[in-house]
Structure formats: C-alpha cells, structure tokens
Amino acid sequence: MKFRKKIVAGNWKMNKTLADAENLASAIKLDLAEYREVDVVLCPPFTALKTVGEIISDTHIKLGAQNMHWESSGAFTGEISPSMLRDLFCRYVILGHSERRSIFGETDTMINRKVKAALAANLTPILCVGETLDQRDSGKAGEVVRHQLIAGLEGLKDELKNIVIAYEPVWAIGTGRTATPEQAQDMHAHVRRILCEIAGEETASAIRIQYGGSVKPSNAAEIFRQPDVDGGLIGGASLEARSFVEIVRAAG
Ligand code: 13P
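Residues numbered from 1 in each chain as written. Predicted model: local features only at pLDDT ≥ 70, side-chain atom pairs only at ≥ 80, totals over all residues. Heavy atoms only, no water.

**Things to note about the overall build of the protein**
Helices and strands together make up the secondary structure of the protein, namely 11 helices and eight strands. Rg of the C-alpha trace for the protein: 17 Å, near the compact-globule value of 18 Å for 252 residues, within the 12% margin. With the C-alpha coordinates aligned to their principal axes, the bounding extent of the protein is approximately 45 × 45 × 35 Å. Expressed as a percentage of the 252 residues in the protein, the buried residues total 54%. By sequence separation, contacts in the protein at least 24 residues apart represent 72% of the contacts at least 6 residues apart. With the model as given, the accessible surface of the protein reaches about 11400 Å², and the carbon-plus-sulfur share is 51%. Here the protein contributes 30 positive and 32 negative side-chain charges, whose respective centroids are spaced 2 Å apart. (Helix = DSSP H or I, 4+ residues; strand = E, 2+ residues; numbered from the N terminus. Rg over C-alpha atoms; globule rule 2.2 N^0.38 Å. Buried < 20%, exposed > 50% of the residue type's maximum accessible area, 1.4 Å probe, protein only. Contact = heavy atoms within 4.5 Å. Areas by Shrake-Rupley, 256 points an atom, 1.4 Å probe, with all protein chains shown as cover. Lys, Arg positive; Asp, Glu negative; His and termini not counted. Charge placed at Lys NZ, Arg CZ, Asp CG, Glu CD.)

**Examining the pairing of strand S6 (residues 164-167)**
Burial along S6 is two-sided: the residues Val 164 and Ala 166 and Ile 165 and Tyr 167 are all buried. As paired strands, strand S5 (residues 124-129) and S6 are joined by four bridges and run parallel to one another. Looking across to S6, one finds that Ile 126 is bridged to Val 164. Examined bridge by bridge, S6 and strand S7 (residues 208-212) share four bridges and lie parallel to one another. Opposite Tyr 167, over in S7, you have Tyr 211 as the bridge partner. (Pairing = 2+ DSSP bridges.)

**Some remarks on the nonpolar core**
In this structure, Leu 153 and Ile 165 are the most contacted members of the largest nonpolar core, which totals 69 residues. Ranked by the residues each element gives to this core, the list is headed by helix H8 (residues 181-199), at seven residues. (Core = buried A, V, L, I, M, F, W, Y, C linked by side-chain atoms within 4.5 Å.)

**Overview of the sheet that holds strand S3 (residues 62-65)**
Judged by pairing direction, the barrel is parallel, and its eight strands sit side by side in the order S1-S2-S3-S4-S5-S6-S7-S8 before closing back on the first. With strand direction ignored, the average angle separating the axes of adjacent strands in the sheet is 25°. Relative to strand S8 (residues 231-234), S7 runs parallel, the two sharing two bridges. Considered in S8, the bridge of Gly 212 is made with Leu 233. (Axes fitted to C-alpha atoms, helices over the stretch in contact; angles between N-to-C directions.)

**Brief notes about helix H7 (residues 141-152)**
Here H7 spans 16 Å end to end across 12 residues, near enough to the 16 Å set by a 1.5 Å rise per residue. Looking only at H7, the buried set comprises Ala 141, Val 144, Val 145, Gln 148, Leu 149 and Gly 152. Projected down its long axis, H7 carries its buried residues within an arc of 130°, all on one side. (Expected span 1.5 Å × (residues − 1). Arc of directions from axis to C-beta.)

**Here we look at the site of the ligand**
The environment of the ligand is formed by Asn 11, Lys 13, His 97, Glu 168, Ala 172, Ile 173, Gly 174, Gly 213, Ser 214, Leu 233, Gly 235 and Gly 236. Separating an oxygen atom of the ligand from a side-chain N or O atom of Glu 168 is a distance of 2.9 Å. Gly 235 is positioned with one of its backbone polar atoms (N or O) 2.9 Å from an oxygen atom of the ligand. When isolated, the ligand has an accessible area of 310 Å², and the protein chains bury 95% of it. Class assignment of the residues belonging to the shell around the ligand gives a composition of three nonpolar, seven polar and two charged. (Near = heavy atom within 4 Å. Polar contact = N/O pair within 3.5 Å; in protein donor to acceptor, adjacent residues only side chain to side chain. Nonpolar A, V, L, I, M, F, W, Y, C, P; charged D, E, K, R; others polar.)

**Points about the side chain of His 190**
In this structure, His 190 sits in helix H8. What makes His 190 buried here is its relative accessible area of 15%. For His 190, the contacting residues outside a window of four places in its chain are Gly 142 and Arg 146.

**So, the packing of helix H10 (residues 217-224) against helix H11 (residues 241-251)**
It is the contact of H10 with H11, at a shortest axis distance of 8 Å, that shows an interaxial angle of 20°. On the basis of their axis angle, the class for H10 and H11 is roughly parallel. Note that H10 runs across H11; the crossing there is right-handed. Along the contact surface, H10 presents Pro 217, Ala 220, Ala 221 and Phe 224, while H11 presents Ser 243, Glu 246, Ile 247, Ala 250 and Ala 251. Residues that form the contact of H10 with H11 fall into these classes: seven nonpolar, one polar and one charged. (Parallel < 35°, antiparallel > 145°, perpendicular 65-115°, else oblique. Left-handed = near helix turned anticlockwise from the far one by under 90°.)

Here it is, written out as structure tokens:
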C-alpha cells in the first residue's frame, strides 16, 4: 500500500474574532511549529486569514479557507475568488461542506466548478462528502457519497492527485456522535474504490481521505488507525489549541 502522510485540518467555521484567532493560532504554533509528522492546516474565517497566515508563515502549518467562488473576479457581491485566497498565501480550500450544501444551497454542479477553479489556481481542494441520517438509515449512504464524488469531480482525472477528500457524515457533525472506526473505514474504502474508477489505481491510492464529524482527542487515535483514514477535518475540537494539538498528535 502506498504511504500517505496524514493531514489534519481545523475548520473554525464562523467562529473567532481577529483577537481570538490570533490567540488560537499562536497557541497552536507554540506546539506544532516544528512538527512534521502530520500535515496541519488551519482554516479560519476569511477575516482572520491574513493574520493567521502571518502567524504561521515561519512554520510547517498551512493556511486554508472555508469556501470560495469559482470565478476569478466580477459582480459577485459577498464572494471571494481563488486569486484572492492565493494573495493571502492560502494553500487549501474546503469545498462542498455539508453546511454550504444544506444551508446555502450549494449544488454538486457549483461544487464541481469550485473544485476545478481551485485546482487551476494551485489551491488544494478539500472536497467534503457525506450522507444524512435519513440516507444512512434507508441504506443509501454509499449511493449518496458515490453521486457526490462523481458529480463533484466530473471532468477531472490526473489532477485529482492534488485533492483531499473529507468524508463527513452529516449526522456526526457537531452532534457528539462519531462514526465508529468500522463505519469510517467502510466508507473510506468505498470512497477510494470510486476514486479508482474515476482516476485509476495509482492516483486513487495517493489521495488522502479525511474523516470529519465529532472527532475529539478521546476518539481520534482509533479512527486515524483505520487503513483508509488519512487524517481528519476537525470542527468544534479545533477551536481550542489543546484539543486540536492532541488530535494532530494522535495522527502522528
Ligand atoms: P465537528 O468536529 O464539530 O463535528 O465538525 C466537523 C466538521 O464539520 C468539520 O468540517
């Protein structure tokens, strides 16, 4: 099996004022500046990207955004373009998060445009997929995730070696209810099989698949130990330096 370096990203969502973001990034830096065993990414809100980017600029920690528009400029009030993220030295961008899909109506077609625009701008997309509780209970989880991947990655193949997938079951996000390590592994293996159909074995085996949904210091190690789980996308537990650092170290 190919070696895949684990990647842990903190999705701060709509949290942290500038001063709070500065404190959190500085505290994380104190612990992880020299840490190389795991790729670490911080995704603060847009307003804190510049400040957090400056704080971590002399470390191995990378900067990511939580969303972007697919066009490079124009009349899109309230939106942020790929080149604007590049301006701030972002390296990653979370796309298709379930909150973007369910609250803001993002479709697979929109997400596919964003993934393509991110890759074209040399940003690594973290493409989120995952089923709702209803979909899982009715046995449709595999099918839903398959559709999200096929539609979200439409028209892409070799470029996909530069992408990260995050499997985030909607029922596990912010609920305290985590997928069991077996549920996570089963779905991650399914995701990798689909990636293999889309992009071939070599590319599929290089793509990192994060798990997200109520990851905490107490459950991280067991989830990260699964063969197809290559790290985590962390929400609530990334808002505090100590718990985020513990989770990162659990991946190491
Ligand atoms: P929680 O870790 O708070 O469940 O959030 C997960 C998530 O949505 C990360 O993108």
